[in-house]
Amino acid sequence: LKYIFGEIMYGGHIVNDFDRLMANEYLNFYMKDELLDETEMYPFAHDEKGVSFMSPAPTTFEKYVEHIDKNMGAETPIAFGLHPNAEIDFRTQQSNIMFKTLLELQPREATSGDGGTTPQQIAEGMANELLD
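Keep in mind that what you see is a predicted model, and the values were worked out from it rather than measured.

Draft legend 1. Seen up close, the overall build of the chain. A count of helices and strands for the chain gives five helices and zero strands. N-terminal to C-terminal, the α/β element order of the chain is α-α-α-α-α. The proportion of buried residues among the 132 residues of the chain is 13%. Considering only intrachain contacts with a sequence separation of at least 6, the fraction spanning at least 24 residues in the chain is 25%. Put simply, the chain shows about 10,900 Å² of open surface, and 59% of that area lies on carbon and sulfur atoms.

Structure representation (structure tokens):
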């Protein structure tokens, strides 16, 4: 299965040697016999307190879905093998974008007499940009 996933299905799409190495390491972590028993699914989660997602024991499809819905919490960088602080930069960037957009939507006084753009025009322009 490791060969099928790592070399045939996904490996063919990986062009960087370091990315291929990383993908193979993830496969080595997840594709093991312990997966059929209860094992930790978050890499390096043993260093963090209260963050864990255990694979369920073999059961029915409905029980797997129930296990995921019940036990998998909110997304966390730890689930991807990242440091918990990795989320700080993402949230900072998202906040900056949001506040920049809010500032751009604020009404302005036209000083050159050309009337300027209204908040409605700015919102329409951004919506058209997203649609394109």
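Draft legend 2. Region of interest: a nonpolar patch on the surface. Together, Leu1, Tyr3, Ile4, Ile8 and Met9 line one region of the surface with nonpolar side chains, adding up to about 550 Å² of accessible area. Here methionine 9 lies in helix H1 (residues 2-9). According to the relative accessible area criterion, methionine 9 is partly exposed, its value standing at 40%.

Draft legend 3. A look at the packing of helix H4 (residues 86-105) against helix H5 (residues 119-131). At a minimum axis separation of 8 Å, H4 and H5 run at an interaxial angle of 135 degrees. Taken together, the axes of H4 and H5 are oblique relative to one another. Only Pro119, Ile122, Ala123 and Met126 of H5 make contact with H4, whose side of the interface consists of Thr101, Glu104 and Leu105. Looking at the contact of H4 with H5 residue by residue, the class counts come to five nonpolar, one polar and one charged.

Draft legend 4. Region of interest: the packing of H1 against helix H2 (residues 17-30). Taken N-terminus to C-terminus, the directions of H1 and H2 make an angle of 160 degrees; their axes are 10 Å apart at the nearest point. Here H2 runs roughly antiparallel to H1, going by the angle between their axes. Crossing angle aside, the handedness with which H1 passes H2 is right-handed. Mapping the contact onto sequence places Lys2, Phe5, Gly6 and Glu7 in H1 and Arg20, Asn24, Leu27 and Asn28 in H2. The residue inventory of the contact of H1 with H2, partitioned by class, reads two nonpolar, three polar and three charged.

Draft legend 5. Region of interest: the environment of tyrosine 26. Here tyrosine 26 lies in helix H2. For tyrosine 26, a relative accessible area of 33% puts it in the partly exposed group. Along the backbone, tyrosine 26 and glycine 81 are 55 residues apart, and their C-alpha atoms lie at a distance of 9.7 Å.

Draft legend 6. Broad picture of the pattern of salt bridges. Under the definition given, this model contains two salt bridges. Between arginine 91 and glutamate 87 there is a salt bridge; the shortest N-O distance is 2.7 Å. Here the residue arginine 91 and the residue glutamate 87 both occupy positions in helix H4, the gap between them amounting to four residues, near one helical turn. Glutamate 104 is the salt-bridge partner of lysine 100, the closest N and O atoms lying 3.9 Å from each other. Here lysine 100 and its partner glutamate 104 are both found in helix H4, four residues apart, which amounts to about one turn of the helix. Glutamate 104 sits in the partly exposed class, given a relative accessible area of 26%.

What counts, and where the lines are drawn
- Every chain is numbered independently, its residues counted from 1 as its sequence is written.
- Reporting of local features is limited, given that this is a predicted model, to residues whose pLDDT is at least 70; pairs of side-chain atoms are given and counted only at 80 or more, and all residues count toward the totals for whole chains, interfaces and linings.
- Side-chain figures throughout are based on the complete set of non-hydrogen atoms in the structure, without hydrogens or water.
- Numbering goes from the N terminus for both helices and strands, where a helix is a DSSP run of H or I of at least four residues and a strand is a run of E of at least two.
- Each residue is placed in one exposure class: buried if its accessible area under a 1.4 Å probe, protein chains only, is under 20% of its type's maximum, exposed if it is over 50%, and partly exposed if it falls in between.
- Working rule for contacts: check all heavy atoms of both residues, and any pair within 4.5 Å makes them a contact.
- Reported accessibility uses the Shrake-Rupley method at a 1.4 Å probe radius. Residues are deemed covered only where the shown protein chains occlude them.
- Every patch collects residues that have over 30% relative accessible area and no salt bridge, joining them within 9 Å if they carry like charges and within 5 Å if they are nonpolar side chains (Val, Leu, Ile, Met, Phe, Trp, Tyr).
- Put simply, a salt bridge is a Lys or Arg side-chain nitrogen that is within 4 Å of an Asp or Glu carboxyl oxygen.
- Working convention: axes come from line fits to C-alpha atoms, limited for helices to the stretch in contact. Angles between N-to-C directions cover 0 to 180 degrees.
- The scheme is simple: roughly parallel for angles under 35 degrees, roughly antiparallel for over 145, roughly perpendicular for 65 to 115, oblique for anything else.
- Asp, Glu, Lys and Arg are counted as charged, while Ala, Val, Leu, Ile, Met, Phe, Trp, Tyr, Cys and Pro are counted as nonpolar; the rest, among them Gly, fall into the polar class.
- Crossing chirality is assigned from the near helix's rotation relative to the far helix, an anticlockwise turn below a right angle marking it left-handed and a clockwise turn marking it right-handed.

Honestly, that's just the spatial picture; any functional story needs more than this.
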